[in-house]
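Per-entry structural report
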There are 2 protein chains.
Amino acid sequence: MTTLTTPACLLAPRSVAVIGASDDPGRIGGRPIASMRKQGFTGRILPVNPNRVEVQGLPAYASIADLPEVPDVAIVAVPASQVQGVVEALAARGVPAAILFSAGFAEVGGEGTAMQAGIVATARRAGMRLLGPNSLGLANLHTGFIGTFSTFAGATDVHPGRVGIVSQSGAYGSHLVLSAMEAGVYPSSIVMTGNEADLTVGDIVRLLVDDPNTDVIALYSEGINDGDGLVEALQAARAARKPVVMMKVGRSELGGAAAQSHTASIAGDDAVFSAVLDELGVVRVRDTEEMLDILRLAMRGIFPVDNTLGVITVSGGAGVIISDVAEELGLPMPQMPAAAQARMLEMLPICSPRNPVDTTAQFINDPSLITPFTEAIVNEGNYRSVLGFFSYAAASPVVTETLLGQLGRVRDRYPDRLYVVVARGPAEIMARYEAAGFTVFGDPTRATTAIAAMGRFGRAFAAHARLPAPRLAPVTLPAETPTEAQAKALLADAGIPSAPERACQDVDAALTAAREIGFPVVMKILSPDILHKSEIGGVLLDVRDEATVRSGFGTLMQRARAAAPDARIEGVLVARQLSGGVECIMGINRDPVFGPIAMFGLGGVFVEVLRDVVFHRCPFGEDVAESMIRSIRGAPLLLGARGRPVADIAALARTLSRLSAFAAAAGPRLQSVDLNPVFAMPQGEGAYAADAVIEIRSGGE
Amino acid sequence: MTTLTTPACLLAPRSVAVIGASDDPGRIGGRPIASMRKQGFTGRILPVNPNRVEVQGLPAYASIADLPEVPDVAIVAVPASQVQGVVEALAARGVPAAILFSAGFAEVGGEGTAMQAGIVATARRAGMRLLGPNSLGLANLHTGFIGTFSTFAGATDVHPGRVGIVSQSGAYGSHLVLSAMEAGVYPSSIVMTGNEADLTVGDIVRLLVDDPNTDVIALYSEGINDGDGLVEALQAARAARKPVVMMKVGRSELGGAAAQSHTASIAGDDAVFSAVLDELGVVRVRDTEEMLDILRLAMRGIFPVDNTLGVITVSGGAGVIISDVAEELGLPMPQMPAAAQARMLEMLPICSPRNPVDTTAQFINDPSLITPFTEAIVNEGNYRSVLGFFSYAAASPVVTETLLGQLGRVRDRYPDRLYVVVARGPAEIMARYEAAGFTVFGDPTRATTAIAAMGRFGRAFAAHARLPAPRLAPVTLPAETPTEAQAKALLADAGIPSAPERACQDVDAALTAAREIGFPVVMKILSPDILHKSEIGGVLLDVRDEATVRSGFGTLMQRARAAAPDARIEGVLVARQLSGGVECIMGINRDPVFGPIAMFGLGGVFVEVLRDVVFHRCPFGEDVAESMIRSIRGAPLLLGARGRPVADIAALARTLSRLSAFAAAAGPRLQSVDLNPVFAMPQGEGAYAADAVIEIRSGGE
């Protein structure tokens, strides 16, 4: 789908046909016409209704064929059974895009799914793009194009803003839009994608990135149908410095079909989803309020690259609350410089001048302090974000004018900072703070959370000179699942080292290999049909002498034949037994949405029980790999915690980055790679995979 | 402090003297008088001012000695330097309680701290209780007693409610009270405790538990000065079925002095604080909004013991959001019974009838469905809590009447359930839902969080027949830090088993011990001066023969003398080496606020790196111990995860419970106990401490 373009006219049509147009402004075929006229749509509205010559006072046309011009967009509001015919007629006229309100398709299953497929096929042949079916439609509040029957279109104070809103759900999308307008977050355009038979949320985000009236994008989704398209759109948004705030629900469900490999079963798709959003600089929110808070602050357009927070407060308690939240969100609150602290104490001996700067209520009693204190915070403290906690005092008649004047003076001198106040009181007074450039929150936790999000956007927008991912020639995967030795050979070509080892077809070869590799060795059964060797007793550890090699060879053969009588047995793998390293696990799994995803964690219980793992889309460079490794909870075990040796992080990062490049080069036939364990040896001694399983997707999948 | 009682007249005085009374209603000595008269205080107000015969139209008295009666409460609004004299005069008159507005005491340190101590000593001698100093005071909105100069007293629509609010911080307390009233949460009484030189938040909670006008208690604190008092007050609140919601800030600081033992350093006080609140059924909130949400719903007085959530929604997306949050908070959402699902599908084929029951917008179009659907959820689904998501549709003119009527019918039939709706629209319409018994939230996440909190109260209020803690005779601790062998003997008397072991003064004794215990053994240096033996190489594991016992004895002696030349060496401990068990850690640490706290975790990296530990106040029974053990993230390792043997949880719980009883019986001289490791053997084989360190508090502490 991502190779097709989305016609920009979908968002800004000059002419709109309404198929199934109704004279009744309450019906879904009537509501868009009424709304467009109310909102002053300047384009042409072309109602189609075989039974009427006029609809809501506009001339109506009996059929699509009768339309006097080819509309930029067609709104389709007819029963499901008629949609195929309508789409064919629209296709015949060369209409570039249609919005399908009609329901009764894939969302009801069975025949509906088949009907939907037919419609998409028809549209594809004609190069026509479809929004829906089962979509509440879209609205562009800047042009008055209201191609939706959602209730928000009928709300009284709809006026155009700068936030593009995209929602899969019509009902929740309407809730979100109405809540947003109530919170003062006005939309530029609103799009409900419905069944996404053709256009997906990713396509719509891409449209909004190019929309000159949209500065900030809000995205609500229940499941992604086109991962590549979404990733491209989010990359474009980042490049255009348009922040994206996303609410992705369904966190609690382990989505997608259960994948077969061990690695794949470790975590649900949701952790992968969060990792991808993180990578792309999207801020994921838990609820609607957090979304609106962040959108509202993002509308200021200030995204500090290295965000720091300076706080001025009339309440020590509020200062503590803010510090707690900032620490949890990783938003630094460095101390004020000593000289500035001394000067503040001279001006106001009872103040606490570190940061939060607590002036107590004295601040309100002596307004002449406001400018010097705030300016010290902004200038000498040099914080990128400044948060003032004034609570209800901000709205007291004596205080409002002074506070606005004195704070405003500082803001005028340092307009590049992010200014937020926690204030409560009558809406008209709060609006004055907003108008003066101070975004108002009623609660310090919410204010701090929104400020932290601005820093996350800032970091994402900064042109990080990321290291390139390793470049590999395309990898040719074998026709079927490779043996461990073949897997390791494939990986070795990609620069991923394993412990020295030898495939041995008989006992003599095994003895020679063990002698040359050096005792102790590990012996493992070698068969393309036995993936999880330790489960059948197919791994012998700590083999210390030739006698044990001899008896071990026989034992492995016996166990393999007993457990898998039909398996092809190719011999035994003799490998150096690594010791002194930290057991890690690395893997690749093909995510149904985002393609190959690399995973890293510590071995054993860390992965199995604690799910202490990190994910990233493939491929990526060594810097990304290293920050992944350092991000897990158990990372101190690799970094010398409690007297342990420091592990070779560089080698581990190199291996992880190369594994990601391997996955990218291997293409869609690669189902999974499981390196378990990878031994991270002490610094300077490398990292080695001790086992490797590669799974190939079978043809049909 | 907890042995003193708090006079109930503090909250409901019949007469109030104001020392430092001012004629100016804007000054702190004038504001309470003006506010009390405005709020219709029916008691007597007795202004004291040496310079006036009248204050705000009331007769004034020149001195405390001149007062015509002994007031129930004195409000003290004079400069810090005069407070000592005032308190002496009040004490002389036998005034039972005083509220000290005056600042400049312990909060400024130095001389202020000394002045504060003097005031407390004076009051104690006279049996007078003090609120403050540096307190904004208290207000009882039911009697009109406004003993505060906080701004909220001047707000326009102050009317009495059922929520008692206690805050240490005056400024944040005022913010909280004003935010609460804005959210429709009206206070019964409001108390700001300030410096807590005498009365603490615990004392005030205790007063509110006995206050007939208070049903729900909100508590804001920055640090607890009287842990026992708070615990007793919270236990009383639980017994009285008065839910307590607490915001305790300063999460990010690791408070208190660093304790010496290994166990103590594992986690900060904040985790202990959360554990204690959890135990006492207090719901701890992160921010003011969450507090107000929970208070508002708690005002319904419905606290389900086994809470379950049934959801009816017009938006599938909202249903997913609610399910996500419910799962995260452990609020069960069982499916609707199959028969009810079938009937719902018959009534409305496009509905999704499992739970959430998604009716789509059809619900709004066909209002006759509302009663049967909701009744099916309440009656057949038998959920204790019912959440309806209607968003803005709830306020649409056509819908409001019908929805209220049809929902109301169900509520009348089943009044014992908790009913919540997510609805948005004009305040007057929302008020109608509230009046009809449906608590309204604007956001599904917030609604679900509040519902989950009601279940937590319900569980806490249910008379859980907890197992009793083991009863032990008082433990006599030795004069100084015991050796490992002494420690284990003390613990053995309390029923806490260690691995079989022998203290051996020479090599021959060690050889005999090893033979009798059976190889392999562990050998450890035995000295009261060497607590952390492994750090000096004082532990030899896996000693497999007599020759190694012989050489090991010498090695341990050498290492001990080299590392600690002055240490008293008492020999070597020879113990059975346990194998096949899971390494756990148990400990006791004396928390500065809550006394002895038991800790449990898995050994090694789980405690050291992942801080996967659980805490509980001592003592407790085996049922509590078992639920602690099962609550850690790594619990699957004890419960047979991935083919491991199941550990002897019962023995582990018995040991943990006995350890808690030992800590309680040992009294305040016990600083810490560290059992690391404790081996949890396979089921039926017991649990054994392999090392034990007991630390005694030195005299001065």
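Reading the values: rules and limits
- Residues numbered from 1 in each chain as written.
- Chains lettered and ligands numbered in written order.
- Predicted model: local features only at pLDDT ≥ 70, side-chain atom pairs only at ≥ 80, totals over all residues.
- Heavy atoms only, no water.
- Contact = heavy atoms within 4.5 Å.
- Buried area = accessible area lost by both parts, 1.4 Å probe.
- Salt bridge = Lys/Arg side-chain N within 4 Å of Asp/Glu carboxyl O.
- Polar contact = N/O pair within 3.5 Å; in protein donor to acceptor, adjacent residues only side chain to side chain.
- Helix = DSSP H or I, 4+ residues; strand = E, 2+ residues; numbered from the N terminus.
- Axes fitted to C-alpha atoms, helices over the stretch in contact; angles between N-to-C directions.
- Parallel < 35°, antiparallel > 145°, perpendicular 65-115°, else oblique.
- Nonpolar A, V, L, I, M, F, W, Y, C, P; charged D, E, K, R; others polar.
- Buried < 20%, exposed > 50% of the residue type's maximum accessible area, 1.4 Å probe, protein only.
- Arc of directions from axis to C-beta.
- Phe/Tyr/Trp six-rings, centres within 6.5 Å; stacked < 30°, edge-to-face > 60°.
- Lys NZ or Arg CZ within 6 Å of the ring centre and 35° of its normal.
- Pairing = 2+ DSSP bridges.
- Right-handed = clockwise from strand over helix to strand, strands pointing away.
- Domains from an automatic or database assignment.
- Least-squares fit on C-alpha atoms with pLDDT ≥ 70 in both.

A closer look at the interface of chain B and chain A
- The interface of chain B with chain A comprises 54 residues on the first partner and 54 residues on the second.
- Of the roughly 4,300 Å² buried at the junction of chain B and chain A (both faces included), carbon and sulfur atoms supply 54%.
- If you look at where chain B meets chain A, you find six salt bridges.
- Measuring nitrogen to oxygen at the nearest pair gives 2.4 Å for the salt bridge that ties B:Glu289 to A:Arg446.
- Summed over the shared surface of chain B and chain A, the result is 21 residue pairs in polar contact (both at pLDDT 80 or more).
- Residue assignment for the side of chain B that touches chain A shows that the elements contributing at least two residues are helix 4 (170-182), helix 8 (288-298), helix 9 (316-328), strand 17 (385-391), helix 15 (444-461) and helix 19 (605-608) of chain B.

Things to note about the packing of helix 2 (residues 80-93) of chain A against helix 3 (residues 111-126) of chain A
All names here are of chain A.
- The interhelical angle for the contact between helix 2 and helix 3, taken along N-to-C directions, is 5°, at an axis separation of 9 Å. Judged by the inter-axis angle, helix 2 sits roughly parallel to helix 3. Counting all contacts with helix 2, which are made through Ala 80, Val 83, Gln 84, Val 87, Glu 88 and Ala 91, the residues of helix 3 involved are Met 115, Gly 118, Ile 119, Thr 122, Ala 123 and Ala 126.
- Of the residues in the contact of helix 2 with helix 3, the class split is eight nonpolar, three polar and one charged.

Some words on helix 10 (residues 338-347) of chain A
All names here are of chain A.
- Every buried residue of helix 10 is listed here: Ala 340, Gln 341 and Met 344. The buried residues of helix 10 occupy one face: seen down the axis, they fall within an arc of 100°. Counted as exposed and oriented over 90 degrees from the buried face of helix 10: Ala 338, Ala 339 and Glu 346.
- For helix 10, the secondary structure elements touched by its buried residues are strand 16 (357-358) and helix 12 (370-380).

Regarding the packing of aromatic side chains
- In the structure shown here, the tally under the stated rule is 18 aromatic pairs over all chains.
- For the pair A:Tyr172 and A:Tyr220, a centre-to-centre distance of 5.0 Å together with 25° between the ring planes defines the contact as stacked. With A:Tyr172 in helix 4 (residues 170-182) and A:Tyr220 in strand 12 (residues 216-221), this residue pair connects regions lying 48 residues apart in the sequence. The two residues A:Tyr172 and A:Tyr220 agree in class, both being buried.
- Joined through ring pairs, the aromatic side chains of A:Tyr172, A:Tyr220 and B:Phe389 make up one cluster.
- Over the aromatic face of A:Phe273 sits the side chain of A:Lys248, whose NZ or CZ is 5.1 Å from the ring centroid.
- In this structure, A:Arg296 is placed above the aromatic ring of A:Phe441, and the distance from its NZ or CZ to the ring centre is 4.6 Å.

Some details on the pairing of strand 5 (residues 73-76) of chain B
All names here are of chain B.
- Burial of the side chains of strand 5 extends over both faces: Val 73 and Ile 75 are buried on one face and Ala 74 and Val 76 on the other.
- Pairing of strand 1 (residues 15-19) with strand 5, which is carried by four bridges, proceeds in the parallel orientation. By the bridge assignment for strand 5, Ala 17 is matched with Ala 74.
- The sheet contact formed by strand 5 and strand 6 (residues 97-100) spans four bridges and is parallel. Pairing of Val 73 across the sheet is with Ala 97, part of strand 6.
- Regarding the hand of the β-α-β motif, the stretch spanning strand 5, helix 2 (residues 80-93) and strand 6 is right-handed.

With respect to the pairing of strand 17 of chain B
All names here are of chain B.
- By the criterion of burial, strand 17 is predominantly enclosed, with seven of the seven residues buried.
- In strand 17, alternate side chains face the same way, and those of Ser 385, Leu 387, Phe 389 and Ser 391 on one face and Val 386, Gly 388 and Phe 390 on the other are all buried.
- Relative to strand 17, strand 15 (residues 309-313) runs parallel, the two being bridged by five bridges. Following the sheet pairing, Val 311 is matched in strand 17 by Leu 387.

Observations concerning the domain arrangement of chain A
Residues and elements named next belong to chain A.
- Split by domain assignment, chain A resolves into domain 1 (8-255 + 262-297), domain 2 (300-461), domain 3 (500-576) and domain 4 (582-696).
- Measuring from the centre of the C-alpha atoms in domain 1 to the corresponding centre in domain 2 gives 39 Å.
- Taken together, the contact between domain 1 and domain 2 spans 16 residues of the former and 19 residues of the latter.
- Around 1,600 Å² of area is buried between domain 1 and domain 2 when both sides are counted, 63% of it from carbon and sulfur atoms.
- Counting the surface domain 1 buries against domain 2, the share from its top three residues, Arg 241, Arg 296 and Leu 297, is 43%.
- Taken together, the connections running from domain 1 to domain 2 amount to four salt bridges.
- Inspection of the domain 1/domain 2 interface yields five residue pairs in polar contact (both at pLDDT 80 or more).
- Every element with two or more residues in the side of domain 1 that touches domain 2 is listed here: strand 13 (244-248) and helix 8 (288-298).
- The element that contributes the greatest number of residues to the side of domain 1 that touches domain 2 is helix 8, accounting for six residues.
- Class assignment for the residues of the side of domain 1 that touches domain 2 results in seven nonpolar, one polar and eight charged.

Some points on the relation of the copies chain B and chain A
- With an RMSD of 0.2 Å, the fit of chain B onto chain A corresponds to turning through 180° and sliding 0.0 Å along the axis. What the rotation and shift describe, once combined, is the action of a two-fold rotation axis.
- When the interface residues of chain B are mapped onto chain A, 100% of them again fall at the interface, so both copies present the same face.

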